[in-house]
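# Survey of secondary and tertiary structure
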Amino acid sequence: MYQIVAKEDVTPQIHLLEIHAPDVAKKAQAGQFVVIRLDEKGERIPLTIADWNRQKRTVTVVFMEVGKTTRKLANVKAGDSIANFVGPLGRPTRIEKSGTVVCVAGGFAIATIVPIARAMKQAGNRVISIMGFRTKALMFWEDRLRRFSDQLIITTDDGSYGREGVVTVPLKELLEGTQKIDRVIAIGPTVMMKFSSITTLPFGVDTVVSLNPIMVDGTGMCGVCRVTVDGAVKFTCVDGPEFDGHKVDWDELMARQRTYLDEEKRSLEMWQQEQAGG
Amino acid sequence: MAKLDLNRVPMPKQEPEARSENYDEVALGYSDEEALAEANRCIQCKKRPCVQGCPVGVDIPEFIDALRNNDMPEAVRSLKAKNALPGVCGRVCPQETQCEEVCTLAKKGAPMAIGRLERYVADWELNHQNDSNREVAPATGSRIAVVGSGPAGLTAAADLAKRGHQVTIFESLHVAGGVLMYGIPEFRLPKRIVQAEVDYVRSLGVEIKLDSVIGKTLTVDELQEVGYDAVFLGTGAGLPMFLNIPGENLNGVYSANEFLTRINLMKAYLFPEYDTPIKVGKKVAVIGGGNVAMDAARCAVRLGAGEVHIVYRRSRNEMPARLEELENAEEEGLIINLLTNPLRFLGNDQGWVYGMECIEMDLGEPDDSGRRQPMPREGSDFIIDVDTVVVSLGTSPNPLVPSATEGLNTTKRGTVIIDEGTGKTTKAKVWAGGDIVTGAATVISAMGAGKRAAASIDAYLQGK
Ligand SMILES: Cc1cc2nc3c(=O)[nH]c(=O)nc-3n(C[C@H](O)[C@H](O)[C@H](O)COP(=O)(O)OP(=O)(O)OC[C@H]3O[C@@H](n4cnc5c(N)ncnc54)[C@H](O)[C@@H]3O)c2cc1C
Ligand code: FES
């Protein structure tokens with residue numbers, strides 16, 4: 001069992017958990033993920049590592065309520081425990097001094113980009129960050145990302161904060177601008193990563209994305225996380241999660257992510273009925 | 001000498017119609033009378049070929065003799081002296097090519113049903129408190145790390161613990177048991193039986209650390225740095241192989257590992273009570289001809305698929321599946337398409353598989369494996385309608401540990417290189433055994449490898 005040391009509701013639908021997991025805390029690096037399971041009947045789901053504290057031996061994850069598991073996880077309180085917490089899995093982000101790096105984050109993936117921006121900054125890069133949200137109420141961690149960014153651009157779809165529009169607009173402006181961009185790291189919903197990659201392609205700028213397919217074991221054993229990258233099949237959990245965004249077969253990935261939509265809906269509805277009844 | 005009795009007592013089974021709708025065990029096990037009748041057939045021959053036929057050297061005539069003398073604690077003791085997982089082995093070992101094949105009565109066409117008796121003794125112990133076999137030598141002070149809790153790891157751990165060493169098993173999944181838990185279905189090997197045998201290993205003083213992915217959470221070098229005197233690698237052959245043909249990533253196409261893991265480990269057959277879903281359509285094709293393919297196909301039947309096909313590119317003679325499982329599968333209504341090979345999968349605009357283009361095959365000259373090589377017959381391609389496909393072509397060792405371990409050499413196939421006699425790898429103080437060394441094989445060969453390595457580790461520690 002792994003104890004929740006602290007919980008924070010970052011926004012009404014996005015939550016942060018700091019979990020006591022000494023082995024994972026010791027090893028965690030930016031870009032890696034964990035697989036968790038809530039209880040005996042729970043499913044195994046991957047969550048990206050948002051932070052770690054080697055002294056306190058804790059790991060922090062941030063997640064958004066989507067289906068039954070994430071909603072149940074949102075009900076967990078400090079002091080409670082979850083059954084399983086495995087990691088750190090996947091390959092860490094390649095951190096090196098490349099010059100100017102643009103970190104693009106959409107929605108709750110801001111939590112993933114913060115440790116990457118931090119590591120990029122520490123490696124001596126100039127870091128420009130773009131964070132995009134649907135609306136101001138869903139926004140969080142502006143201050144944290146600003147701390148590691150030489151420049152920070154915020155967009156909201158509805159214009160309620162920062163610039164109105166999606167992240168690819170300022171991204172394109174940067175690429176067209178006078179300063180040389182050496183690398184782009186785009187993390188967020190799959191469509192956002194797809195369009196960020198399409199945006200950077202004509203400029204030939206190295207673009208890293210972090211894929212989030214369905215996973216079960218997270219160790220290369222089941223193959224459900226397979227994606228096509230540059231015509232070859234890769235297992236996201238061991239070969240990724242980060243890949244060259246220009247080479248990912250995005251449509252295949254998006255179709256595969258929809259495999260269990262009906263079941264996920266059914267599971268959530270059943271659970272909500274139980275909650276209402278109980 | 002008494003007259004030879006050549007009537008093997010048959011195994012009582014659930015009827016096919018009933019069992020294809022439930023996940024309960026198909027083979028029900030002998031009653032006391034049936035076990036006794038079968039045990040009495042043993043002629044206790046002098047040559048005891050069955051003992052040589054057993055990869056872990058169980059003293060088969062001895063436990064059978066105890067059984068018929070109604071000394072069950074002694075039967076258990078004798079069996080467990082060599083085999084820590086008899087309830088598992090009695091159910092899933094290919095006895096017909098091991099102990100039973102060489103049984104003296106086999107020459108008369110009716111070998112002793114050794115596997116069934118082994119299962120009977122193991123199940124007796126499970127139902128009766130019995131502490132006869134918890135003898136552990138005085139503590140030696142040596143610490144051993146075992147990586148992987150499949151049959152190889154469990155056996156190595158049990159043997160080393162009995163010799164007084166302090167053993168910790170590191171397992172990446174959330175339960176111990178390896179393929180016994182995530183691969184082989186409940187109806188062939190109840191998980192309760194596996195867990196009872198895992199508990200027995202724990203009762204010998206073995207600590208099992210779950211959620212520990214060696215190569216990620218900790219490396220082999222780190223295990224050595226924190227003071228483990230020896231490391232045994234039993235991480236199995238968990239990497240699924242694919243056909244590498246167009247359409248293989250369509251929705252509805254599973255690897256056998258994913259399909260079986262969802263069902264067995266995550267209990268997707270109990271969805272939505274359990275959270276993990278699985279989607280099985282009306283027409284399922286399972287590609288492959290081994291035990292794993294049979295297991296996947298029989299799971300599909302139980303999940304309500306109307307029609308389940310086994311698609312295999314060679315002929316029935318070359319099928320690697322156990323005969324008994326093939327028979328069970330056919331009784332449950334499986335359709336077997338022999339000499340058929342898929343060329344590509346066809347998908348709709350939502351990315352779901354709806355068909356499979358196949359080609360008929362002819363058998364040519366024998367290949368390296370001694371089996372006749374299948375050759376495509378020109379112009380014979382045709383399309384099968386399917387909405388679910390399970391690719392069951394076999395597995396290879398997961399590179400996680402080898403790629404993170406300097407000095408651990410592997411073959412081109414990815415299997416870990418060992419010294420045959422001892423299980424020693426190319427890295428100092430590291431041993432390996434089971435599917436990680438042989439590629440996908442059997443439970444009992446993995447156990448034999450665990451035993452061999454345990455003996456070598458023990459000798460090394462004593463000589464230190
Ligand atoms: C569906 C199916 C049906 C089968 N049917 C039969 C049968 O009827 N009879 C028979 O004899 N054999 C059968 N087999 C084969 C048999 O199960 C295997 O040969 C046997 O389990 C191999 O044992 P092992 O201990 O080497 O590996 P495994 O059982 O594969 O165990 C390896 C363990 O190591 C863990 N692991 C892997 N990597 C790591 C890591 N990096 N860190 C920590 N832990 C790790 C895995 O999670 C797993 O628990 C079947 C196999 C399958 C898949
Ligand atoms: S999640 Fe199973 S192989 Fe990647």
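Conventions we followed
Residues numbered from 1 in each chain as written. Chains lettered and ligands numbered in written order. Predicted model: local features only at pLDDT ≥ 70, side-chain atom pairs only at ≥ 80, totals over all residues. Heavy atoms only, no water. Helix = DSSP H or I, 4+ residues; strand = E, 2+ residues; numbered from the N terminus. Rg over C-alpha atoms; globule rule 2.2 N^0.38 Å. Buried < 20%, exposed > 50% of the residue type's maximum accessible area, 1.4 Å probe, protein only. Contact = heavy atoms within 4.5 Å. Lys, Arg positive; Asp, Glu negative; His and termini not counted. Charge placed at Lys NZ, Arg CZ, Asp CG, Glu CD. Pairing = 2+ DSSP bridges. Axes fitted to C-alpha atoms, helices over the stretch in contact; angles between N-to-C directions. pLDDT = per-residue confidence, 0-100. Phe/Tyr/Trp six-rings, centres within 6.5 Å; stacked < 30°, edge-to-face > 60°. Lys NZ or Arg CZ within 6 Å of the ring centre and 35° of its normal.

Time to look at the overall build of chain B. Looking only at helices and strands, one finds 18 helices and 16 strands in chain B. Computed over its C-alpha atoms, the radius of gyration of chain B comes to 23 Å, within 12% of the 23 Å expected for a compact globule of 464 residues. By its C-alpha atoms, chain B is 65 × 60 × 50 Å across when sized along the principal axes. For chain B, buried positions account for 60% of its 464 residues. Considering only contacts within chain B whose residues lie at least 6 apart along the sequence, 69% involve residues at least 24 apart. The averaged location of the 63 negative side-chain charges in chain B is 4 Å from the averaged location of its 50 positive side-chain charges.

To continue, consider the side chain of E142 of chain A. Assignment of secondary structure puts E142 of chain A in helix α4 (residues 142-147). For E142 of chain A, the residues in contact, after removing those within four places along its chain, are M131, L152, I154 and Y161 of chain A.

Residue and element names in this part refer to chain B. On the basis of which strands lie adjacent, the open sheet formed by five strands has the order β6-β14-β7-β8-β9 and parallel pairing. On the outer flanks of this sheet lie β6 (253-255) and β9 (335-337), each paired with one strand and no other. This sheet shows a mean twist of 20° between the axes of neighbouring strands, independent of strand direction. Across three bridges, the pairing between β6 and strand β14 (residues 388-391) is parallel. Its bridge partner being in β14, S255 is matched across the sheet by V391. Helix α14 (residues 291-302) rests against β7 (283-287), β8 (307-311) and β14 of the sheet, and its axis sits at about 170° to β8.

Of all residues in chain B, 98% attain a pLDDT of 70 or more, and the chain-wide mean is 93. Reported for the predicted complex are a pTM of 0.94 and an ipTM of 0.94.

Turning next to unusual backbone geometry. The peptide bond linking G240 of chain A to P241 of chain A adopts the cis configuration, its omega dihedral lying at 10°. Here P241 of chain A is to be found in the loop between α7 (236-239) and β16 (242-244). A cis amide bond links F271 of chain B to the next residue, P272 of chain B, at an omega of 5°. For D211 of chain B, which is not glycine, the phi torsion reads 55° and is therefore positive. Of note, D211 of chain B is situated in the loop between β3 (207-209) and α12 (220-225).

We now examine the packing of aromatic side chains. Evaluation of the coordinates by the stated rule reveals nine aromatic pairs over all chains. With a centroid separation of 6.0 Å and an interplanar angle of 40°, the aromatic rings of Y2 of chain A and F85 of chain A are classed as tilted. With Y2 of chain A in strand β1 (residues 2-9) and F85 of chain A in strand β7 (residues 84-89), the pair connects residues that are 83 residues apart, well separated along the chain. Residue classification places F85 of chain A among the buried residues on the basis of a relative accessible area of 1%. Each ring, one from Y23 of chain B and one from Y269 of chain B, has its centre 3.9 Å from the other, and the planes form 15°; the classification is stacked. With Y23 of chain B in the loop between α1 (16-19) and α2 (32-39) and Y269 of chain B in the loop between α13 (256-265) and β7, this pair connects stretches of sequence that are 246 residues apart. Judged by its relative accessible area of 9%, Y23 of chain B falls in the buried class. Here the aromatic residues F133, F140 and W141 of chain A are joined through ring pairs into a cluster of three or more. Positioned over the ring face of W52 of chain A is R118 of chain A, at 5.3 Å from the centre of the ring. Positioned above the aromatic ring of F187 of chain B is the side chain of R302 of chain B, whose terminal nitrogen or guanidinium carbon lies 3.7 Å from the ring centre.

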